[in-house]
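Descriptive analysis of the structure
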Amino acid sequence: MPEKTLSRRIILNLLFALSLVPSMLDRSKPVATTEDEFVEVNGWILKKSDLA
Amino acid sequence: MIFESYEDFQTASLTPKVAVIGSGPAGITIARKLGTAGIPVAVLEAGGREFSDESQDFYRGTTVGDPYFDLEITRLRYIGGSSNHWAGWCRVLDAHDFKPKAWAPDTGWPIERKDIEPFLPEVHDILELPEFRADVPISDDMRWVQLIKSNAVRFGEKYADELTKSRDIALVLNTSATSLDGDGSKITGAQIWSNGKQAGLLKADYFVVCTGGLENSRLLLWSNQVSNGGVVPHAEALGKYWMEHPTFEGGNAILADYDEFEVDAANEAFFSPSPAAMERLKIMNFGIRLIKTPYPGAKRLIADLACNAPDFAEWAAAKLGQHLRCAAQLYVAWEQAPRANNRIALSASYMDHTGVPRIELHWKKSELERRTILEGLRLFGQTMAEKNLGRVRIDDWLTSGEDYPTNQELAGHHHMGGTRMGTDLAKSVVDADCKVHAMGNLYVGGSSVFCTSGECNPTTTITALACRLGDHLTRKIAV
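Below is a summary of the structure that appears in this document. Sequence order as written defines the numbering, with residues in each chain counted from 1. As they are written, the chains are lettered A onward and the ligands numbered 1 onward, keeping that order. It should be noted that, the model being predicted, local features are given only for residues of pLDDT at least 70 and side-chain atom pairs only at 80 or more, the latter also being counted only at that level, while totals for whole chains, interfaces and linings use all residues. Computation of side-chain values covers all heavy atoms of the structure but excludes hydrogens and water.

Digging into the overall build of chain B
We count a stretch as a helix when DSSP gives it H or I for four or more residues in a row; a strand needs E for two or more, and each element gets its number in order from the N terminus. Secondary structure assignment for chain B yields 12 helices and 24 strands. Both definitions apply: the radius of gyration is a C-alpha atom measure, and the globule rule equals 2.2 Å times residues to the power 0.38. Its C-alpha radius of gyration of 23 Å places chain B within 12% of the 23 Å reference for a compact globule of 479 residues. Taken along its principal axes, the extent of the C-alpha atoms in chain B is 75 × 40 × 40 Å. Whether a residue is buried, partly exposed or exposed follows from its accessible area with a 1.4 Å probe, protein chains only, as a fraction of its type maximum: under 20%, in between, or over 50%, in that order. Relative to its 479 residues, chain B shows a buried fraction of 63%. In what follows, a contact means two residues having at least one pair of non-hydrogen atoms within 4.5 Å. Pairs at least 24 apart in sequence give 75% of the contacts found in chain B among residues at least 6 apart. Accessible areas in this description were obtained via Shrake-Rupley with a 1.4 Å probe; residue shielding takes into account the shown protein chains only. Carbon together with sulfur atoms contributes 49% to the accessible area of chain B, which is approximately 18100 Å² in total. In this tally, Lys and Arg are treated as positive and Asp and Glu as negative; His is ignored, and so are the chain termini. Lys charges are placed at NZ, Arg charges at CZ, Asp charges at CG and Glu charges at CD. When the 49 positive and 62 negative side-chain charges of chain B are each reduced to one mean point, those points stand 2 Å apart.

So, in structure tokens, the structure goes:
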């Protein structure tokens, strides 16, 4: 099986995502509430679809 | 008839069958029921016709535990009692408030809501209320509840003319009972203090203590002490299970469609949980007061929401442009679990001018209540999101487990419990008729007989219970 090489697009996406890590760490992690369709983020009671 | 002192009253020819101590909503309602039936009543009012610092001073006391209002501020000692600073909000305890909660010890009443329902038409006349509308479920978990903001009847003002003209009711101002004398089976008299001095012993066949949700316990504790247990023979619960409605701002909401709820003239709407939701989450009852937020508050809230739910925030921002405001503050008032440790005690060293020990109020909120406010807001938030009615944000102090804020309302000035109704002699003071256990002629009126507090303001239920007690006494005396 030929070795798969990373495309420039994937590398750029990874670098972009890594740059977001510090800011993501600063934000509260979504916490699933008792109902799966709800999440609690920074005190907001949201539907998962709100985060899309 | 209205007398300015006990000395004046003694010059009249009225011999009371019943002595009612206190002229607040409970005392005046009971006296009017008896007077209408032709039963002679003396109503003792410790204060005069107007507020005075001198009279209020008798209400000073101390509080141990959580921060609470000064005890001379949270109630009023003159004709009409605390109806004089009542906000006028009306709602009767729900049927489920009278039932025991398996997850909360010492809940449940010995009566049901249907026992006071026959008196609600009278209550509507007394408090000048329109008909209540039925609550509206907005989900399986939450109800949009009806709370009437009435014109706040001041009982002294409303009934002064009627009492002046009455031949069977004598309202005696500037006159208090410092203690009751009892022999373990009946009250034999009330020690009277009037216009700054002892004024003798008032005798009557029946005594009804209606001095308020703090003072009822104080009077009975002190009377029982000086009578060596002769006033409340089963006193284990006396002063205990005291309750309030703690009230705090707990969050905000962005409303998707604020026409969904009919808000009142003050831009407010009220929500409470369904009994099934309380049982599922094992929490107490609560009321969420939704107040529409002015434009700047809405803008800040939407900016915060945009960080987490950009689509909904964008939609809300568009709404903001159309309607100028579409957000709300959320205040929560909740039912305290009845706990024996929350109690009224007599100070060992702090007396009023008559020599009666002042109140030492021991009061703390419990972990169950902390969970009630947090889970209650989550429940409301989930309902709003589920029905796409809006989104709720819970305040940081709640989600991060911080202490209660100290710069807010604290509670509702609702003083409940202390002489609670029940059948267990160790956990109650009065029976289902509001008669003190084992005493033949001593009754208690007012919110001190509440077993649980529900989430609503107590005055409507106090008045209904007073009508019921007045009716009971009328029939008993007529036999």
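Moving on from the coordinates now.
Focus on the overall build of chain A
Scanning chain A from terminus to terminus reveals 1 helix and 3 strands. In chain A, the succession of α and β elements from N to C terminus is α-β-β-β. Looking at chain A residue by residue over its 52 residues, the buried ones come to 19%. When the accessible surface of chain A is totalled, it reaches about 4400 Å², and 63% of it is carbon and sulfur.

Remarks on the environment of B:Phe450
Residue and element names in this part refer to chain B. Position of Phe450 relative to the elements: it lies in the loop between β24 (442-444) and α12 (459-478). Separated by 11 residues in the primary sequence, Phe450 and Thr461 place their C-alpha atoms 9.3 Å from one another. When sequence neighbours within four positions are dropped, the list of residues in contact with Phe450 reads Leu93, Trp109, Met243, Met416, Gly417, Arg420, Pro458, Thr461, Ile462 and Leu465.

Here's the deal with the sheet that holds strand β10 (residues 175-182) of chain B
Residues and elements named next belong to chain B. DSSP-based pairing: two strands are paired if at least 2 bridges between them are found. Strand order in the open sheet formed by 3 strands is β10-β11-β12, and the pairing between neighbours is antiparallel. The sheet is open, and its two edges are formed by β10 and β12 (197-202), each paired on a single side. Each neighbouring strand pair of the sheet contributes to a mean axis angle of 25°, computed without reference to strand direction. Note: β10 against strand β11 (residues 187-194), 7 bridges, orientation antiparallel. If you follow Leu180 over to β11, its bridge partner there is Ala190. Angles here are taken between N-to-C directions and fall from 0 to 180 degrees, while the axes themselves are lines fitted to C-alpha atoms, restricted in helices to the stretch in contact.

Side note on the packing of helix α4 (residues 120-127) of chain B against helix α5 (residues 155-165) of chain B
All names here are of chain B. At a minimum axis separation of 11 Å, α4 and α5 run at an interaxial angle of 95°. Here α4 is positioned roughly perpendicular relative to α5, judged by the angle of their axes. Between α4 and α5, the residues in contact are Asp125, Ile126 and Leu127 and Phe155, Lys158 and Tyr159, respectively. Reported orientations rely on four angle classes, namely roughly parallel under 35 degrees, roughly antiparallel over 145, roughly perpendicular from 65 to 115, and oblique for the rest.

Observations concerning the sheet that holds strand β4 (residues 61-65) of chain B
Residues and elements named next belong to chain B. If you walk across this open sheet you meet the 3 strands as β4-β20-β19, and the pairing is mixed. Strands with a single pairing partner mark the edges of an open sheet, and in this sheet they are β4 and β19 (343-351). Along the sheet, successive strands turn relative to each other by an average axial angle of 30°, direction set aside. The pairing of β4 with strand β20 (residues 357-363) spans 5 bridges and is classified as parallel. Its bridge partner lying in β20, Gly61 is registered against Ile359. Contacting β19 and β20, helix α6 (residues 215-226) runs over the sheet at an angle of about 65° to β19.

Section: the pattern of salt bridges
Residues and elements named next belong to chain B. One side-chain nitrogen of Lys or Arg within 4 Å of one carboxyl oxygen of Asp or Glu is enough to make a salt bridge. What the rule picks out here adds up to 33 salt bridges over all chains. Between Arg143 and Asp94 there is a salt bridge, with its nearest N and O atoms 3.5 Å apart. Note that Arg143 is positioned in strand β7 (residues 142-145) and Asp94 in the loop between β5 (89-90) and α4, a separation of 49 residues in sequence. Among the residues examined, Arg143 registers a relative accessible area of 10% and is labelled buried. Note that Arg113 is salt-bridged to Glu117, the shortest N-O span being 2.6 Å. You can call Arg113 buried: its relative accessible area is 18%. For Glu117, a relative accessible area of 35% gives the class partly exposed. Shared partners join several salt bridges into a network, and the residues in it are Arg91, Asp94, Asp135, Arg143 and Glu455.

Remarks on the packing of aromatic side chains
For any pair of aromatic rings, geometry is given as the distance between the ring centres together with the angle between the planes. Residues and elements named next belong to chain B. Two aromatic rings, drawn from Phe, Tyr or Trp (for Trp, its six-membered ring), form a pair once their centres lie within 6.5 Å of each other, and the interplanar angle then sorts them: stacked below 30 degrees, edge-to-face above 60, tilted otherwise. Within this structure, the stated rule accounts for 17 aromatic pairs over all chains. Among the aromatic residues, ring-to-ring pairing joins Tyr68, Phe69, Trp242 and Trp363 into one connected group. Positioned over the ring face of Phe58 is Arg77, at 4.1 Å from the centre of the ring. Definition used: whenever NZ (Lys) or CZ (Arg) falls within 6 Å of the ring centre and also within 35 degrees of the ring normal, the charge is taken to sit over that ring. In this arrangement the basic side chain of Lys365 is found over the ring face of Tyr404, its NZ or CZ atom lying 4.5 Å from the centre.

Re the interface of chain B and chain A
The interface is formed by 21 residues belonging to chain B together with 16 residues belonging to chain A. Regarding the contact of chain B and chain A, the summed buried area is about 1600 Å², with carbon and sulfur atoms giving 52% of it. Counting the surface chain B buries against chain A, the share from its top three residues, B:Asn308, B:Gln382 and B:Arg391, is 37%. Run the count over chain B and chain A and you get 2 salt bridges. When the shortest N-O distance is used, the salt bridge between B:Arg391 and A:Asp50 registers 2.7 Å. What qualifies as a polar contact is a pair of N or O atoms within 3.5 Å, subject to a donor-acceptor requirement within protein and to the restriction that residues adjacent in sequence count only when both atoms come from side chains. Between chain B and chain A we count 6 residue pairs in polar contact (both at pLDDT 80 or more) in total. The element that contributes the greatest number of residues to the side of chain B that touches chain A is helix α10 (residues 367-386) of chain B, accounting for 5 residues. Bridge analysis of strand β3 (residues 44-47) of chain A against strand β21 (residues 390-394) of chain B gives 2 bridges, and the strand direction is antiparallel. Bridge assignment links A:Trp44 to a residue of β21(B), and that residue is B:Arg393. Simply put, the buried area is the total loss of 1.4 Å probe accessible area from both parts when two parts are fitted together.

Points about the packing of α4(B) against α12(B)
Residues and elements named next belong to chain B. At their nearest, the axes of α4 and α12 sit 9 Å apart, and the two run at 120° to each other. Considering their axes alone, α4 and α12 lie oblique with respect to each other. With respect to the hand of their crossing, α4 and α12 are arranged in right-handed fashion. Across the interface between the two elements, Leu120, Glu122, Val123, Ile126 and Leu127 from α4 touch Thr460, Thr463, Ala464 and Cys467 from α12. The residue makeup of the contact of α4 with α12, split by class, is 6 nonpolar, 2 polar and 1 charged. Rotating anticlockwise by less than a right angle from the far helix to the near helix defines a left-handed crossing, while the corresponding clockwise rotation defines a right-handed one. Here the term charged refers only to Asp, Glu, Lys and Arg, the term nonpolar to Ala, Val, Leu, Ile, Met, Phe, Trp, Tyr, Cys and Pro, and the term polar to all other amino acids, Gly among them.

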